[in-house]
Each structure stands twice: as C-alpha cells, then as structure tokens.
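If you want the building blocks of each chain, they are given just below.
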There are 2 protein chains.
Amino acid sequence: MKLYEQVATTLKDRIDLGYYHEGDKLPSVRGLSQEHGVSISTVQEAYGLLMDDGIIESRPKSGYYVLKHQAPPELPATSNPAPQPLVVAQWQKLQHMINEYGSTATTKLSLALPDTQASTLKPLTRLMSELSRNAATRVLEYEHAAGSDALRHQIARVMVDSGCRINPEEIIITSGCQEALSCSLRAVTEPGDIVVVDSPSFFGSVQAIKINGVKALEIPTSPETGISLEALEMAFEQWPIKACLLTPTNNNPLGYSMPDKNKLRLLELLNHYDIPLIEDDVYGDLSYTLPRPRTIKSFDTQGRVILCSSFSKSIAPGIRVGWIAPGHHREHIMMVKYLSSLSTPKLTQMAVAEFIAQGYYEKHLRRVRRDYQRDRDAVIGWLKRELPEGTRISYPQGGYLLWVELPDQIDSNELNQQAKQEGISIAPGTLFSASGKYKNFMRICCVNSADPALEKAIKTLGRLCKEMLTRNLLSQD
Amino acid sequence: MKLYEQVATTLKDRIDLGYYHEGDKLPSVRGLSQEHGVSISTVQEAYGLLMDDGIIESRPKSGYYVLKHQAPPELPATSNPAPQPLVVAQWQKLQHMINEYGSTATTKLSLALPDTQASTLKPLTRLMSELSRNAATRVLEYEHAAGSDALRHQIARVMVDSGCRINPEEIIITSGCQEALSCSLRAVTEPGDIVVVDSPSFFGSVQAIKINGVKALEIPTSPETGISLEALEMAFEQWPIKACLLTPTNNNPLGYSMPDKNKLRLLELLNHYDIPLIEDDVYGDLSYTLPRPRTIKSFDTQGRVILCSSFSKSIAPGIRVGWIAPGHHREHIMMVKYLSSLSTPKLTQMAVAEFIAQGYYEKHLRRVRRDYQRDRDAVIGWLKRELPEGTRISYPQGGYLLWVELPDQIDSNELNQQAKQEGISIAPGTLFSASGKYKNFMRICCVNSADPALEKAIKTLGRLCKEMLTRNLLSQD
C-alpha cells in the first residue's frame, strides 16, 4: 500500500468508526501532514482518493468535509407477485419501449442510459480511431466466434474484482448483455419450461422469457435484500423450475444488492435442487462502495452459474460488448451464440480490451461511481420534494436507476403519455411484471443531475401526478 | 448514358453477338477512336469499364482481348435428399467449424471469407477512424433498435439494383446475415414446425433451424436452376410447411442463381399455399454480370418474402452489419431482434452508410466482382488439373464459393483432418445436409488466386485425395 493510501485508509476508518459524521469538517491538509509526518502532497492525494470514492467532498476556500448523503427514502414494500407461472404479457407496452431508442423526448428517463459524455471515455474513442487506421485489415476480418482473446483476458482480470477466478478461454463475447441473457436462456430452457425471476424484473429478461415460449414464475422481492429465499424454496418444491434468472447486484429496477449470506444460501438451494442460475451482473461494476459486491458466480464451484454481463452500462451502450461466463453450459451456449449472430464485431472488442489494459476502465469507473451516487442523492431529494405524499423510492447502492412507487391512484402508463407531451419519458412499472402489476410504479434513470433539465423533469412529473390525483378525487365526487 | 458507356455497350453487344470470341484481340484504341469519332481517352474509359465488368482483359504491350473464361466444369448432379422432414444432425461437426474462426490454418478454404485486403475498402476504415474521432459521443450511444436511419436509407437505395422498392422505415438492421436469418426463423416458426430448405444448404441456416426445434425438409436442388419446383409443390401438398428458407441468388454452396421464371413460379406457389419465404441474398450483390439478378422479394406484392442480407460477404465480415426487409412480418421480427440483442453497434452502421453514400460501395463491388470471377476460373482450372478423375465442380455466376463433388470413396471429413496437418482447412460436405449426406463433397472458398498458397493448397488436396483412393483400393484387395 502506498503512503497516501495508508493515510486515506486511516481517515476512512475514523469516519466509519464515527469520529467524523456526515457534513463534519475534516482536519486541514497542513494539520494532517504534521500529524502523520507526511508531505502536503501525500495528504492531498489521500483526500483526492476519498473524494473519488464518494466519501468526502471539497468545498472551495473552506476545506474537506464528510460527504452528506441523502437520508434513505421510504422504500417500496416487498413485492407480492402471482404465486404461479405466467405467460408473459405486456408485449404491446414493450413496443412503445422499443421506439424510445429513437425517440426525440428531450429528457429520456425511460431508458437506462449511462453518461456517454464523461471525459474518461475519450481514450476509448481515440483507441477506436487509431485501431481503424492502424489495424484496418484485422478490423475487417471475422473475430473468433467466442470473441477476441485479448478482450477475454481483460474481462477475466476485471472479474477478479467480483471475486471470480475465470479462465479467459471459458468466456464468450456477445453483442451486449441482452444477447448474453437471450443465448443463455435459449440454451437452458425449452418452450413450456418455467423460469424463476425476481419481481419487479428487467423487461428485457421477462420478454426474452416470453419469446422463448417459457413461463415466468415471479418471486416476492425485497428492495433491500432481494428475492425471498423462503418463497424461492417453496417454488422449487412446488414447480418443475428449469432455471433462475436474477440480477442480484445493483438490481434493475429495485437497486438492491443481495447480502453475501443470501447469495450463498441461494447457491445452496440451487445446488440442492440442481437448477442453473443465469446471473445478470450488468450493473455490478457500478457499486458505489469498494470492493464491489461479490457475484454469486464467485461462490460457485460446480459451474452452475451462468454469468451474463456487458460494458453497456459501465462504459457505453452503443459499442455492444457483452459477455458470458457460462460454467459447464459452455458448449451449448457457444452453439446458440454462433447460430444467433456468428461472432461479435471486431473493432469495439479490440478497443475495449486496450481501454481496460491501459487502466482507463478503472479510472472511468472511479469517476462514474462517484457521479452516479451524487445523481442518486440529488434526484431522490427532488422526488421527495416534488412527488405527492405517499411516494416511496428505492435506495440503490450502485447504478443509476430509481424504482418509484406512486400513490395507488396513479397509472404510470397514463403519466408517461402525459409526460411525453412535455418532452419527458419514463418506464412504466407494468413493463417490469409478467402480468401487468406495478401500475402505479415507474423506473427512472437519474444520470447527470448537473443538467437542470433533470430537476425540471422531476418537477413536471410531480405536477402531473398531483393533477392526476386531483382529477381522480373530483371524478370520485 | 455517357459517351464512353455507349462505346462500351456497342463493344459488349458485338462480343455477345459472337463477332469476337473468347481470347480474340479487340480493335486498337486508335482504330476504335476513329471508327466512333470519339477521343482516345473515351475509348480507354470504355475499355476500362469492360475490364471492370470482367468481359475483356488488357495484355501488356499487346492490346485488349476478350477474356477467356474457364470452360464450365462438369457439374454435380441434382441432389436427392431424404423425402421427409428431419431433425438436423451434424451438431458435432459444426463445433469444428466454430473453431475454424480462430484457427491457425494457413490456408483457410473452409470459411466464406471475402477479400478484406482490397484497396477499395480503405475508405471504410478511414471513415470508421474519422467518425470515432469526430462523432465520439454519438458513437457511444444506443442506436435506434431498428438501426441507423442513414444506413437504412442507403440500403433501400442499394436494393433498387435487385429490383426492390423498399421503404427505408421497413428495414431492420442486424448483426450480420446470421442474426437476420435467426430472428426471421424465430418469428415465423415454432418448435415442431417444418421448414423447407434447398439441398445442399448453408450450415448456418440448417443449424439455426435445429436450434429452434424446427425440422428441415430438404428439396432436390439443381446446380444450375436451384430448387426443384415440382418437388417443392409436392412437399407443399404433403406436409404442413411453415416456411421456406432459400438462397436463390449466387447460392451457398451450389453457386446457382434461379432463373427469373423459376423465381416467379416459386412465388406463385408460396402465394397459393400461403407460406412465407426467408430469402437469403447475402451473395446477391456479388453477381459477375450486371445488372445483378433480381431477388424474389422484388416480385413480391404481398409482403410475403422476408429478405435477409448483410455486407459481410460484399464488404467485410468483421463489421457485422446485416439487415432484414421483413414484409408484413415486421412487428414480430422487430421484437425478436430487440430481445436478441437490443440494437446493433453504432459506429459500423454510421461508417457503412457513408461508405455507400459516397459511392465507395459501388466502386468496391466493381472490383471484387471482377476479382472473384478470375479467382473462380483459376481455381476451377487447378481443381480440374489436380483432383482425381470423376471430380465435379459447381460453376457459380457470382460469389467466391465452389461446391466440389469428389469420387464416392473419398470422405471429406477425413480429407479435412489430413489437410489440417498441412495447414489447410475445407468445409466438409456433410455440414450442408440435415442428415449427413454429401460425405464426398466439400465447399471451398476461392478468394485471392493471386496468392501462390491457394494453388499450392489445391495441389495438396489433390495429392491427399489420390492417396486416399489408393489406400481404399489397396484395402479392398
């Protein structure tokens, strides 16, 4: 450990132990330098590190302070989905969502879009430009069907941070996490099978289940600890479950990360009932705290867990670079991937491999983790202020999505229609259910709170909600 | 029509009418200039055009000659596949093929790889480099799920050459033709259904059928005119066919293009029996003669034909840019595509759109069409010379693939094993059948005959075949 890291660790320990509280002023640089007998610049570096980690902030001409986080909001209750497998509905709603990608809504809160303007991404486009020029012929050739060796090597390195030791040769590169999930599902299920999902659940997973002719069994899910293990065990006893598809870390849309002991217990259950897990870890690297939470894959010794991830949320979605660590399902999944799209485009694979190898990915993560935590706090503050009483909000520990429970009387599909006329789009809650539940919920993306348009959009949503409540009240009279 | 084009047309007519035969010397530039009363440079441009079209050649210090084509070889017989729907086998063999993409075989004849070193592709990598630099943020964002508007516009333009009038808004961009085929198949079939294919048939299609749980009904196919329409009509009468999947133009592997009257008759049958057609046109733009053959899609007035194509063969495979013109199946196919991979990477879409818009695609096609025709002639000549008596070879009018029927006693899987030890790979015939037929056939890619390695590889294959025949003869004694 370097000297400045030692100093930073000491300070962090003191904050954790409660010597300094949120909003407290920290010792001056000079004072700390004398206390520890280190140089001024070492203390400055230590403070820099703590700022990167979102623990402290610097206030101009005043000094360093322990960062104040938004007090946790009132969370939505644990969900209570239908206790039997369902054919997924909501197809029509998804078509609206597909059109969102090309929509002209000025403030698009509907899609899970990361910050693609971060300066820490500049090296990536520079690398893409250089590789196009200097490795032109290689860029044009087919890539190995499983993906670039260099990239698989770098991904194996990155996965160490989540506790995984994966042989790069196991990894299969895909066109984003959606292809990873879709291929994994196709490999382990057949039409008519039942797959367990959390509830609410990412619409891309739920609908991929539908399109495979598979039924979804939704399990009650807590916004703090994730899927109910008791309910899951009962489901395993009662139904011929073929696979589980879960997002246990920085869940979309609920924001929870399952505690390690729950992850371990889940794995025990899977082992006992001999059921594979498709683990969606696409938001895993965006955890606000370091080290990032472990994946269930990292505890798996049987090759039972199929980890699906991508750089769409942690770098940029337009590059479409995802991957699968397929465990003992590799052969079948590789075949499905090959027959789905042969191989993944080459240039972006080469560029991402270099981006990681040269240390830019880590640097970028440091920046966006801090930014997204600030965005979360800012947007939760505005939601508390602007939305009607009774609104509940998730409190994610990573990523940039909020799951918002509005008062019962509000239909978020209607809210979305009205918001669109003011240039704003949200993701209505019903999309996250197999059966059209969560009518009064919405998912919003809270990236870039520095842009005044975001606060304005939340104000507009608040006004629209209150108008809807008033209308409903009047119509009841 | 420009003046030099008029002169070229006149010359071409004379060649077509038989005034000049293959190998004949053509009039001198000066002579022609006087005859037509046009400038020297106009005649030179006219000759240049005829060279581009692969009709004449220039011999240094001698003049221009009508290009000699290899006399058509003896063609394989019309195929005779099993007359009932089959569950596709050959899974194991395909795994070998998947590994080919990353294989170190020095002469890879197994994969259908275009010439990615052509100088006419330089503008593409230049565009990719420029866009990465100058449109960095846009490159990183999600593309519209259906694909880039600019690219869809350019594709609609290109499709006019095959007789199609398509609204750009109909088109769905995919990750190569394999994703186009896979999504189309998933949209129009369900497990247990029967799909008609030609025979031999591209292994990527046949195996995509398998992985969807669908059965393949293979129809006898002629190497000159394609699928037997009589056999097809009988099949339509006898079986509940759910769809047809065919490559009617520059077929892979057989090389035929169905005559227009057969294409029209096929469409009549499809209309009569109300069956959709998935038309794989991935080699269509590589026809040696202009105008390129029409697609069946171009005759379709009912939105029955789902056209699948890509730039993987006509530009480069590593960019993975394909598309679907889905007819009235658009809504369902769009959903499948979205759930398979959300959207297609953005940079390559932007670059290909510019490549076409700026006229580079047409220029590139002119060049590779000529090159591939030369390659075909050269490789057929070597095959005739080197392979055992009784070998039959396809005679494609476009693309760069040859389908070779070896003497009965030769097992091309064994040949491939032996060839690999000498750094050569071929595609064994059994891959192109649902049931392991075509044991004594192989498909080879004949790009870049100027590279001495290709002729050397054909010599090696010839030697290995002859050794196998001798061994078989001895073992029979």
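Residues numbered from 1 in each chain as written. Chains lettered and ligands numbered in written order. Predicted model: local features only at pLDDT ≥ 70, side-chain atom pairs only at ≥ 80, totals over all residues. Heavy atoms only, no water.

- Going by an unreviewed UniProt entry, chain A carries the name GntR family transcriptional regulator and comes from Amphritea japonica ATCC BAA-1530.
- UniProt annotates chain A under Sequence similarities (unreviewed entry) with the comment "In the C-terminal section; belongs to the class-I pyridoxal-phosphate-dependent aminotransferase family." (UniProt positions renumbered as here; feature names shortened; annotations may be inferred.)

1. Digging into the overall build of chain A
Step number 1: Summing up its helical and strand segments, chain A has 16 helices and 17 strands in all.
Step number 2: Its C-alpha atoms give chain A a radius of gyration of 23 Å, near enough to 23 Å, the size a compact globule of 477 residues would have.
Step number 3: Taking the principal axes of the C-alpha coordinates as reference, chain A spans close to 70 × 70 × 45 Å.
Step number 4: Across chain A, the fraction of contacts at a sequence separation of at least 24, relative to all contacts at a separation of at least 6, is 75%.
Step number 5: Surface accessibility of chain A: about 18000 Å² in total, with carbon and sulfur atoms responsible for 49%.
Step number 6: Taken together, the 52 basic and 54 acidic charged side chains of chain A have centroids lying 5 Å from each other. (Helix = DSSP H or I, 4+ residues; strand = E, 2+ residues; numbered from the N terminus. Rg over C-alpha atoms; globule rule 2.2 N^0.38 Å. Contact = heavy atoms within 4.5 Å. Areas by Shrake-Rupley, 256 points an atom, 1.4 Å probe, with all protein chains shown as cover. Lys, Arg positive; Asp, Glu negative; His and termini not counted. Charge placed at Lys NZ, Arg CZ, Asp CG, Glu CD.)

2. What to know about the sheet that holds strand β9 (residues 241–246) of chain A
Residue and element names in this part refer to chain A.
Step number 1: Taken together, the seven strands give an open sheet; going across it, the order is β4-β12-β11-β10-β9-β5-β6, and neighbouring strands pair in mixed fashion. Taken across any chain shown, the strands that pair with only one partner, and hence form the sheet edges, are β4 (172–174) and β6 (215–219). Each adjacent strand pair in this sheet contributes to an overall mean axis angle of 25 degrees, direction not counted.
Step number 2: As defined by bridge partners, strand β5 (residues 194–198) adjoins β6 across five bridges and the pair is classed as parallel. Pairing of I194 across the sheet is with K215, part of β6.
Step number 3: Docked against the sheet, helix α12 (residues 330–341) engages β4, β11 (305–310) and β12 (322–325), running at close to 30 degrees with respect to β4. (Pairing = 2+ DSSP bridges. Axes fitted to C-alpha atoms, helices over the stretch in contact; angles between N-to-C directions.)

3. Focus: helix α10 (residues 229–238) of chain B
Residues and elements named next belong to chain B.
Step number 1: Of the residues making up α10, those classed as buried are L229, A231, L232, A235 and F236. Within α10, the buried residues cover an arc of 155 degrees as seen down the axis, which keeps them to one side. α10 presents E230, M234, E237 and Q238 as exposed residues on the side facing more than 90 degrees away from its buried surface.
Step number 2: Check the buried side of α10 and you find it contacts β5 (194–199), β6 (215–222), β7 (226–227), β8 (241–246) and α11 (260–273). (Buried < 20%, exposed > 50% of the residue type's maximum accessible area, 1.4 Å probe, protein only. Arc of directions from axis to C-beta.)

4. A closer look at the relation of the copies chain A and chain B
Step number 1: Its rotation angle being 180 degrees, the transformation that places chain A on chain B also includes 0.0 Å of axial translation and leaves an RMSD of 0.1 Å. Taken together, these values place the two copies in the relation of a two-fold axis. Measuring from the rotation axis to each C-alpha of chain A, the shortest distance belongs to A:S129, at 1.9 Å.
Step number 2: Here 100% of the contact residues of chain A are again contact residues in chain B; the copies associate through an equivalent surface. (Least-squares fit on C-alpha atoms with pLDDT ≥ 70 in both.)

5. Looking at the interface of chain A and chain B
Step number 1: Listed by partner, the interface residues are 60 residues for chain A and 60 residues for chain B.
Step number 2: Regarding the contact of chain A and chain B, the summed buried area is about 5500 Å², with carbon and sulfur atoms giving 66% of it.
Step number 3: Summed over the shared surface of chain A and chain B, the result is zero salt bridges.
Step number 4: Remark: the boundary between chain A and chain B carries 19 residue pairs in polar contact (both at pLDDT 80 or more).
Step number 5: Mapped by element, the contributors of at least two residues to the side of chain A that touches chain B are α4 (91–100), α5 (122–134), α6 (136–140), α8 (176–188), α9 (203–211), α12 and α13 (346–357) of chain A.
Step number 6: Along the lines of polarity and charge, the residues of the side of chain A that touches chain B split into 30 nonpolar, 21 polar and nine charged. (Buried area = accessible area lost by both parts, 1.4 Å probe. Salt bridge = Lys/Arg side-chain N within 4 Å of Asp/Glu carboxyl O. Polar contact = N/O pair within 3.5 Å; in protein donor to acceptor, adjacent residues only side chain to side chain. Nonpolar A, V, L, I, M, F, W, Y, C, P; charged D, E, K, R; others polar.)

6. Considerations on the packing of aromatic side chains
Residue and element names in this part refer to chain B.
Step number 1: By the definition in use, this model includes 26 aromatic pairs over all chains.
Step number 2: Centre to centre, the rings of F203 and F432 are 5.4 Å apart; their planes meet at 75 degrees, and the pair counts as edge-to-face. You can see F203 sitting in helix α9 (residues 203–211) and its partner F432 sitting in the loop between β15 (427–428) and β16 (441–445), a full 229 residues away along the chain. The pair F203 / F432 is uniform in exposure class, with both members buried.
Step number 3: Plain terms: the ring middles of W403 and Y438 are 5.6 Å apart, the flat faces sit at 80 degrees to each other, and that makes the pair edge-to-face. With W403 in strand β13 (residues 401–405) and Y438 in the loop between β15 and β16, this residue pair connects regions lying 35 residues apart in the sequence. (Phe/Tyr/Trp six-rings, centres within 6.5 Å; stacked < 30°, edge-to-face > 60°.)

7. Comments concerning the pattern of salt bridges
Residues and elements named next belong to chain A.
Step number 1: Throughout the structure, instances matching the rule amount to 42 salt bridges over all chains.
Step number 2: Here R59 and E57 are joined by a salt bridge, their closest N and O atoms 3.4 Å apart.
Step number 3: Across the pair K242 and D193 runs a salt bridge, and its minimum N-O distance is 2.9 Å. Linking K242 in strand β9 with D193 in the loop between α8 and β5, this pair joins segments that are 49 residues apart in sequence.
Step number 4: Taking the relative accessible area as the measure of exposure, K242 reaches 32% and is therefore partly exposed.
Step number 5: Connected via shared salt-bridge partners are E233, R265 and E268.

8. Focus: the side chain of B:K337
All names here are of chain B.
Step number 1: Within the fold, K337 resides in helix α12 (residues 330–341).
Step number 2: K337 sits in the buried class, given a relative accessible area of 0%.
Step number 3: K337 has contacts with A145, I172, I173, T174, S175, E179, C183, L342, S343 and T344, leaving out every residue within four places of it along the chain.

9. Regarding the domain arrangement of chain A
Step number 1: The domain architecture assigned to chain A consists of domain 1 (3–66), domain 2 (91–104 + 117–360) and domain 3 (364–476).
Step number 2: On a C-alpha basis, the centroid separation for the pair domain 1 of chain A and domain 2 of chain A is 37 Å. (Domains from an automatic or database assignment.)

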